[in-house]
Amino acid sequence: SQTIHQWPATLVQPVGSPLSLECTVEGTSNPNLYWYRQAAGRGLQLLFYSVGIGQISSEVPQNLSASRPQDRQFILSSKKLLLSDSGFYLCAWSVRVEQFFGPGTRLTVL
Amino acid sequence: AQRVTQPEKLLSVFKGAPVELKCNYSYSGSPELFWYVQYSRQRLQLLLRHISRESIKGFTADLNKGETSFHLKKPFAQEEDSAMYYCALNIGNQFYFGTGTSLTVIP
């Protein structure tokens, strides 16, 4: 069966520090991968999606970036965090049209 | 522009009462629509998809192309239905989610 992992589960970082959130998928190959931010009152905001290694599409211009160095690995990064980057980040994968979500990372930027 | 609209952020109903969570979408093609649910301390997960025309946990959702709606309904709400519900639209490789409706079923 397929599983999706995210780490860390929680993270507290100072403003201006770098960020690296990792997501890995097991039990499937060549999945579409997604990063979302879930904010209260704003629902799920699609940040990036990837249909293959090295292929990244950005939905929202911001100081975040994403990379897919391996087929089942998706990384969300930032060089300098802003206060507004605080939120709950979800990774998801899909094959065909259903999405499967990871447990999420709670990021607090102080 | 918001492709999926859920007008109700919060919805409270009494146990046994009917419940309807509204969803409207904006897309001129043939939509693929879903309802996702997030129970407390659990992952976001698929509840149902319009293609399947199925009833899951007593919930149904009918696609109304004329009204561009995909409202989620259940005739008799249960306490365990309390959760956050998201309507989602799939276009190609992209998914567009609404802002979610938090449903509370009052015992």
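Scroll up a little and you will see the structure.
Calculation criteria
Residues numbered from 1 in each chain as written. Chains lettered and ligands numbered in written order. Predicted model: local features only at pLDDT ≥ 70, side-chain atom pairs only at ≥ 80, totals over all residues. Heavy atoms only, no water. Phe/Tyr/Trp six-rings, centres within 6.5 Å; stacked < 30°, edge-to-face > 60°. Buried < 20%, exposed > 50% of the residue type's maximum accessible area, 1.4 Å probe, protein only. Salt bridge = Lys/Arg side-chain N within 4 Å of Asp/Glu carboxyl O. Helix = DSSP H or I, 4+ residues; strand = E, 2+ residues; numbered from the N terminus. Contact = heavy atoms within 4.5 Å. Buried area = accessible area lost by both parts, 1.4 Å probe. Polar contact = N/O pair within 3.5 Å; in protein donor to acceptor, adjacent residues only side chain to side chain. Nonpolar A, V, L, I, M, F, W, Y, C, P; charged D, E, K, R; others polar. Pairing = 2+ DSSP bridges. Axes fitted to C-alpha atoms, helices over the stretch in contact; angles between N-to-C directions. Disulfide = S-S within 2.5 Å.

A.B. asks: What exactly am I supposed to notice about the packing of aromatic side chains here?
C.D. replies: Aromatic ring pairs are defined here through the distance separating the ring centres and the angle between the ring planes. Residues and elements named next belong to chain A. According to the stated counting rule, one finds 14 aromatic pairs over all chains in the structure shown. With a centroid separation of 6.1 Å and an interplanar angle of 20 degrees, the aromatic rings of Tyr34 and Tyr36 are classed as stacked. Judged by its relative accessible area of 1%, Tyr34 is buried. A residue is classified by how much of its surface remains accessible, and Tyr36, at 0% relative accessible area, is buried.

A.B. asks: Help me out: how do you make sense of the pattern of salt bridges in this one?
C.D. replies: Any two side chains of opposite charge can pair, on the condition that their charged atoms come close. All names here are of chain B. Inspection of the entire model under this criterion finds six salt bridges over all chains. Of the charged contacts in the structure, one is a salt bridge between Lys22 and Glu20, with a shortest N-O distance of 3.1 Å. Exposure remark for Lys22: the relative accessible area of 30% places this residue in the partly exposed category. Judged by its relative accessible area of 27%, Glu20 is partly exposed. Here Lys73 ties to Glu20 by a salt bridge, and the two come within 3.6 Å at their closest N and O atoms. Pair noted here: Lys73 is in strand E8 (residues 72-74) and Glu20 is in strand E3 (residues 19-21), with a separation of 53 residues, a long-range link. Note on Lys73: relative accessible area 40%, which makes it partly exposed.

A.B. asks: Help me understand the interface of chain B and chain A, please; the structure alone is not making it clear to me.
C.D. replies: Note: interface size is frequently given as the accessible area lost on complex formation between the parts. Residue-level contacts link 18 residues of chain B with 21 residues of chain A. Buried surface at the junction of chain B and chain A, summed over both partners, amounts to about 1,600 Å²; 54% is from carbon and sulfur atoms. The largest share of the area that chain B buries against chain A comes from Arg43, Asn93 and Phe95 of chain B, three residues that together contribute 35% of it. At the junction of chain B and chain A, the tally comes to zero salt bridges. Between the two partners, chain B and chain A, sit six residue pairs in polar contact (both at pLDDT 80 or more). Of all the elements in the fold, those that place two or more residues in the side of chain B that touches chain A are strand E5 (32-38), strand E6 (45-49), strand E9 (83-91) and strand E10 (94-97) of chain B. Looking at the side of chain B that touches chain A, its residues break down into eight nonpolar, six polar and four charged.

A.B. asks: So what exactly am I meant to see when it comes to the side chain of Arg37 of chain A here?
C.D. replies: Residues and elements named next belong to chain A. Among the secondary structure elements, Arg37 is positioned in strand E4 (residues 32-39). A polar contact of 2.9 Å, which involves the side chain of Arg37, links it to the side chain of Tyr89. With sequence-adjacent residues up to four places away left out, Arg37 is seen in contact with Gly43, Leu44, Gln45, Leu47, Gln62, Leu64, Ser84, Asp85, Ser86, Phe88 and Tyr89.

A.B. asks: Explain the sheet that holds strand E8 (residues 73-78) of chain A to me, please; I cannot follow it from the model alone.
C.D. replies: Hydrogen bonds along the backbone pair up the strands of a sheet, which may run parallel or antiparallel. All names here are of chain A. Read across the sheet, four strands follow the order E1-E3-E8-E7 without closing on themselves; strand pairing throughout is antiparallel. Either end of the sheet is taken by a strand with one partner, and the two such strands are strand E1 (3-7) and strand E7 (64-70). Here the average twist between neighbouring strands, direction ignored, is 20 degrees.

A.B. asks: So what exactly am I meant to see when it comes to the state of the cysteines here?
C.D. replies: One way to say it: the disulfide is the covalent bond shared by the sulfur atoms of two cysteines. One pass over the full model with this rule turns up two disulfides over all chains. The disulfide bridge from Cys23 of chain A ends at Cys91 of chain A, spanning 1.9 Å between sulfur atoms. Judged by the torsion about the S-S bond (-75 degrees), the Cys23 of chain A/Cys91 of chain A disulfide is left-handed. Placement of Cys23 of chain A in strand E3 (residues 19-26) and of Cys91 of chain A in strand E9 (residues 87-95) is noted, with a sequence separation of 68 residues between them. Of the two residues, Cys23 of chain A and Cys91 of chain A, both sit in the buried class. A sulfur-sulfur separation of 2.0 Å characterises the disulfide bridge that pairs Cys23 of chain B with Cys87 of chain B. Judged by the sign of its S-S torsion, about -65 degrees, the bond between Cys23 of chain B and Cys87 of chain B is left-handed.

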